[in-house]
Amino acid sequence: PSLQGQHQTASLAPQMSSNAKPTGCLPGKRSKAKLAFEESLPPIQREGPVDMSLPPGSKVAVVGAGVAGLQMGTALMEVGFKPVIFEASGDIGGVWREHYPGYHAQAPVEHYQFADFPYTKFNELARPGEIEKKWTDGYFAPGTELTRYIDMYVESIPGLAASIRFHAKVTKVAPSGYRWMVTSKSQQSGEERTELFAAVVWSVGEYCVPQEPKFKGMDAFKGRIIHSSKLLDPSVFQGKRTVVIGSGKSAADCTKAATKYGATTTAIVMRTPRWTFPRYVLGFIPFKYFAFSRAGYMMIPPAYLRMGGFFRSLREGRLLRAFCSFKEGLLWPLLWLYWRLVEFILIVQLELWGAVPPNSIEDDIASAGGQALSESLTKAVRRGELTRYVGAGIDHLEADTVHLTDGRVVPADLIVCATGFTKDYTPLNTIVPYLQRMDDGLYLYKQIFHPAVPRLFFVGSEVSTFNNILTSFLQAQAAAAVMSSRLQLPDANTIWSEMEHHKAWSKQA
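What to know about the packing of aromatic side chains
- Scanning the entire structure with this criterion turns up 16 aromatic pairs.
- Aromatic pair F114 and Y149: ring centres 5.3 Å apart, planes at 45 degrees, arrangement tilted. Residue F114 is found in the loop between β2 (82-86) and α3 (119-125), and its partner Y149 is found in helix α4 (residues 143-156); the two are separated by 35 residues along the sequence. Both residues of the pair, F114 and Y149, count as buried.

Below is the structure:
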């Protein structure tokens, strides 16, 4: 099989120069990773076959033991490679291992499960007390149950648990000859260890480094400021005037926890509200029919595919994009009416009076992927337990108040920043310049490959969807297939063209 269908498999060719010097933290030598990387990097390939295959039985480093890294390990073992999974913490599961009180998946279990360990198998093996009830279609599993589900997935794959190194934080990844040098540091003993691998898979997820904003007047504020990912003890809400900052799922969940665990007052500050789907539209239609169906996705304007217009796409031979442009132009009135109807339904059902998002729902879904929430936030507003402050940001803080940019003042003892996450590429510092990092991350082919850095793969780190487990599974299968020569990458020119097109679309969006 071929991603492009036309290209022949290239022989395994050296991707680093034959006189390359090893890099990394070698005993008794001071590392010069930047210089060594430049000496060992081949000329950036702009045309011809792209080969990222590995010899049979190669050892591959996987960074991160979340759902992406675990599935990558499984995929590598299935094709005969030897994975070593580095995990900085003492457990698996990544973001699911611990989080704010009451966190849940935003997709029902039938759409958030391992392809090779379905939730029906979990129901069979789970012991009494491990889950609140048997998982069924439409059930939104809490994080505590998902952690056990992930544990049992690892237990079901022979050899997977043995491939994980806990408390091993990767501090540097650099090429050395035809291979990659990975330096890790024990979080217990502080000892550093450097090893050579045939390839590296970066599976550090999107939710690893909290994005903690800095506010003017933070030193004067007498209360507590905490990021949602560090809010593990619900007792912090007790007796506190709580202000939650954010407009996503985490913000809505934290407001629910605040009202449940004894906050005296709860407010949410949303500079730019986003469109969200209730779990059941109109109270009885599961949102999955909008988010997980071909019919639902056909109604979303495919901005990436149609960019450039019908005639330009035809000239470039991009028939799918040409079709999308034609369909979009022909059906635009119908699509516009459809999405206005959906907006009206959500405004009424979620009581968004005064909190209507400024962007159209189809643009919001296309750019941010959409969100699915329970109606707890709406109910809390209706009962007077929650106050919404929409359209304003934080101007400054004083001793016990939050001052908004529009002049409104909110009393506060506790500020919860549900402000998302950022990415940390520090171990890849010598490589990132060649990946052309942008403010919003890396631009890769299929969000996995980059022709400038052969045999470095990204799985589960540069894309986020409603169903991250399935997305990571598909990426892991593709990466393993390329390594084992079962899947042929297109030529370099096609890859660079796709990456540049994606970058241009992202800027336009």
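A short note on the sheet that holds strand β10 (residues 241-245)
- Strand order in the open sheet formed by 5 strands is β9-β20-β10-β11-β16, with parallel pairing between adjacent strands. Of all the strands in the sheet, the pair left with one neighbour each is β9 (224-227) and β16 (387-390). Taken pair by pair, the neighbouring strands of this sheet meet at an average axis angle of 20 degrees, ignoring direction.
- With 4 bridges joining them, β9 and strand β20 (residues 414-417) adopt parallel strand pairing. Paired with I225 across the bridge in β20 is I415.
- On top of the sheet, helix α5 (residues 249-260) reaches β10, β11 (265-270) and β20; it is set at about 170 degrees to β11, its chief contact.

Describing unusual backbone geometry
- Phi is positive for L282, which is not a glycine, with a value near 60 degrees.
- Looking at the element boundaries, L282 is found in the loop between β13 (280-281) and β14 (285-286).
- Note on L282: relative accessible area 48%, which makes it partly exposed.
- One non-glycine residue with positive phi stands out, namely Q447, at about 60 degrees.
- Among the secondary structure elements, Q447 is positioned in the loop between α13 (432-435) and β22 (456-458).
- Using a relative accessible area of 17% as the deciding quantity, one classes Q447 as buried.

Quick notes on the nonpolar core
- Core analysis: the biggest nonpolar cluster contains 106 residues, and M72, W135, F237, F457 and M483 have the highest contact counts within it.
- Top element by residues in this core is helix α14 (residues 468-483). It accounts for 8 residues.
- Here M72 is in contact with V62, V201, S203, V459, A476, A479, A480 and M483, once residues within four sequence places are set aside.
- Residues F277, F290, A291 and L352 belong to the second largest nonpolar core, which totals 19 residues.

So, α4
- The terminal C-alpha atoms of α4, which comprises 14 residues, lie 20 Å apart, in line with the 20 Å expected from a rise of 1.5 Å per residue.
- Most of α4 sits out of view: 11 of its 14 residues are buried.
- Residues of α4 that are buried include every one of G143, E145, L146, T147, R148, Y149, I150, D151, M152, Y153 and V154, and no others.
- Contacts made by the buried residues of α4 are with α2 (67-78) and α3.

Focus on the packing of α2 against α14
- Here α2 crosses α14 at 35 degrees, and the two axes come no closer than 8 Å. Helix-helix and strand crossings are classified by hand; for α2 and α14 the assignment is right-handed. Of the residues in α14, those touching α2 at V67, A68, Q71, M72, A75, L76 and E78 are I469, S472, F473, A476, Q477, A479, A480 and M483.
- Across the contact of α2 with α14, the residue classes tally to 11 nonpolar, 3 polar and 1 charged.

Section: the pattern of salt bridges
- According to the stated counting rule, one finds 18 salt bridges in the structure shown.
- Salt-bridge contacts for D253 lead to K249; the nearest nitrogen and oxygen are separated by 2.7 Å. Here D253 and its partner K249 are both found in helix α5, 4 residues apart, which amounts to about one turn of the helix. Neither residue differs from the other here; D253 and K249 are each classed as buried.
- Between K503 and E500 there is a salt bridge, with the nearest N and O atoms lying 3.7 Å from each other. You can see K503 and its partner E500 sitting in helix α15 (residues 492-508), 3 residues apart, about one turn around the helix.
- For K503, a relative accessible area of 12% gives the class buried.
- Overlapping salt bridges, with partners in common, bring together K59, R165, R193 and E195 in one network.

Digging into α14
- Between its first and last C-alpha atoms α14 spans 22 Å; for 16 residues at 1.5 Å apiece the expected length is 22 Å, and the two agree.
- Within α14, 13 of the 16 residues are buried, which leaves it mostly tucked inside the rest of the structure.
- Directly after α14, the chain includes S485, whose backbone phi takes a positive value near 65 degrees.

Focus: the environment of D91
- Relative to the helices and strands, D91 is located in the loop between β2 and α3.
- Measuring from C-alpha to C-alpha, the distance between D91 and R165 comes to 9.6 Å, with 74 residues separating the pair along the chain.
- If near-sequence neighbours (up to four positions away) are discounted, D91 is found in contact with R97, D151 and F166.

A closer look at empty space enclosed by the protein
- According to the stated counting rule, one finds 4 cavities of 30 Å³ or more in the structure shown.
- If you add up the space inside the largest cavity, you get close to 240 Å³.
- Along the walls of the largest cavity sit 21 residues, with R274, T276, L352, L373 and L377 positioned nearest its centre.
- Counting only elements with at least two residues in the lining of the largest cavity, the list comes to α5, β11, β12 (277-278) and α12 (376-383).
- The residue makeup of the lining of the largest cavity, split by class, is 13 nonpolar, 6 polar and 2 charged.

Rules used throughout
- Residues numbered from 1 in each chain as written.
- Predicted model: local features only at pLDDT ≥ 70, side-chain atom pairs only at ≥ 80, totals over all residues.
- Heavy atoms only, no water.
- Phe/Tyr/Trp six-rings, centres within 6.5 Å; stacked < 30°, edge-to-face > 60°.
- Helix = DSSP H or I, 4+ residues; strand = E, 2+ residues; numbered from the N terminus.
- Buried < 20%, exposed > 50% of the residue type's maximum accessible area, 1.4 Å probe, protein only.
- Pairing = 2+ DSSP bridges.
- Axes fitted to C-alpha atoms, helices over the stretch in contact; angles between N-to-C directions.
- Contact = heavy atoms within 4.5 Å.
- Core = buried A, V, L, I, M, F, W, Y, C linked by side-chain atoms within 4.5 Å.
- Expected span 1.5 Å × (residues − 1).
- Left-handed = near helix turned anticlockwise from the far one by under 90°.
- Nonpolar A, V, L, I, M, F, W, Y, C, P; charged D, E, K, R; others polar.
- Salt bridge = Lys/Arg side-chain N within 4 Å of Asp/Glu carboxyl O.
- 1 Å grid on protein atoms, 1.4 Å probe; cavity = no way out; pocket = protein on both sides within 12 Å on 5 of 7 lines; lining within 4 Å.
- Points joined across faces, edges and corners; volume = space filled by probe spheres on them.

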